[in-house]
Amino acid sequence: YFGDIAWKGNAKYSDSLLSRIVDIRRGDVYSTKDLEEKLYQNPNGGDVSSLYMDDGYLFFNIRPTEIEVEGDSIDIASVVNEGQQATIRDVRIIGNTKTNEQVVRRELYTLPGSKFSRTDLIRSQRQIANLGYFDPQQMDVVPIPNPENGTVDIEFRLTEKPSDQLELSAGYGGATASFVGTLGVTFSNFSVKNIFNKKAWS
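Now for a description of the structure that goes with this document.

Each value, and the rule that gives it
Residues numbered from 1 in each chain as written. Predicted model: local features only at pLDDT ≥ 70, side-chain atom pairs only at ≥ 80, totals over all residues. Heavy atoms only, no water. Helix = DSSP H or I, 4+ residues; strand = E, 2+ residues; numbered from the N terminus. Rg over C-alpha atoms; globule rule 2.2 N^0.38 Å. Buried < 20%, exposed > 50% of the residue type's maximum accessible area, 1.4 Å probe, protein only. Contact = heavy atoms within 4.5 Å. Areas by Shrake-Rupley, 256 points an atom, 1.4 Å probe, with all protein chains shown as cover. Lys, Arg positive; Asp, Glu negative; His and termini not counted. Charge placed at Lys NZ, Arg CZ, Asp CG, Glu CD. Pairing = 2+ DSSP bridges. Axes fitted to C-alpha atoms, helices over the stretch in contact; angles between N-to-C directions. Patch = residues over 30% accessible without salt bridge, like charges linked within 9 Å, V, L, I, M, F, W, Y side chains within 5 Å. Salt bridge = Lys/Arg side-chain N within 4 Å of Asp/Glu carboxyl O. Expected span 1.5 Å × (residues − 1). Arc of directions from axis to C-beta.

Across its full length, the chain holds five helices and eight strands. Overall, the chain shows an N-to-C arrangement of helices and strands of β-α-α-α-β-β-β-α-α-β-β-β-β. For the chain, whose C-alpha radius of gyration is 26 Å, the value lies well above the compact-globule estimate of 17 Å for 202 residues. Each of the three principal axes of the chain carries a C-alpha extent, and together these read 95 × 40 × 20 Å. In the chain, which comprises 202 residues, the proportion classed as buried is 31%. Nonlocal contacts in the chain, meaning residues at least 24 apart in sequence, comprise 58% of its contacts between residues at least 6 apart. Looking at the chain as shown, the accessible area adds up to about 12,600 Å², and 50% of this sits on carbon and sulfur atoms. With 22 positive and 28 negative side-chain charges, the chain shows a spacing of 9 Å between the two charge centroids.

Have a look at this one:
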């Protein structure tokens, strides 16, 4: 069973807040999986790591240690290294061979000059996927931190997928025995502003 959970090294957030997020009480059945999920592996957020990383603490880490075993209970010391807050220095978009870069950038929540946020990073990735221009299975979002100056560059590595359509149809008949054909072209990534710019067409 879980015994006491103590916190060491945390200055930004209080012991009571961190304990409330972890929500593990003395006497609960011991599970390293539950503990790790509450500390830094909850895919939906709401863990201790998300609390810090959504406030810019990209260099944050936490190390839980079993400090005492008494009978059937295990006490945990969670050693926190908060680090410094990171500011986004540059955001790079790679792999958009057809899609205008501005189309991607207007979907981003991660902006140069703002504090790093893991939630904003995930939201940006989801927004880009919703455009339908890129293969979500091959999308890669890579933070490149620089602890020396407290900044981070973010690269969105994208792979475009075919999205334009060409439709042809034909028919023959009717009272006039005529032949009728139609041609339809659908551009899913079209800029009226660049319609007369030959370099923008491909």
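The mixed open sheet is built from three strands, whose spatial order is β1-β3-β2. Each edge of the open sheet is held by one strand with a lone partner, namely β1 (2–8) and β2 (61–70). Here the strands of the sheet are splayed against their neighbours by 20° on average, with no regard to which way each runs. Strands β1, β2 and β3 (73–81) of the sheet are contacted by helix α2 (residues 32–41), whose axis makes an angle of about 155° with β2.

So, about a nonpolar patch on the surface. On the surface, a cluster of nonpolar side chains totalling about 450 Å² of accessible area is made up of L166, L168, L183 and V185. Along the polypeptide, L168 turns up in strand β7 (residues 165–173).

Summed over all chains, the structure comprises 12 salt bridges. As a salt-bridge pair, D4 and R26 come within 3.0 Å of each other at their nearest N and O atoms. Of this pair, D4 sits in strand β1 while R26 sits in the loop between α1 (15–22) and α2, placing them 22 residues apart in sequence. Since its relative accessible area comes to 46%, D4 is described here as partly exposed.

What follows covers helix α5 (residues 118–131). Taking 1.5 Å of rise per residue, the 14 residues of α5 would be expected to cover 20 Å, and the 21 Å separating its terminal C-alpha atoms lies within 8% of that figure. Where α5 is concerned, the buried positions are L121, S124 and I128. Viewed end-on, α5 has its buried residues packed into an arc of 60°, placing them on one side of the element. Buried residues along α5 sit against α4 (101–105), β5 (140–146) and β6 (151–157). One or two residues past the end of α5 sits G132, with phi positive at roughly 85°.

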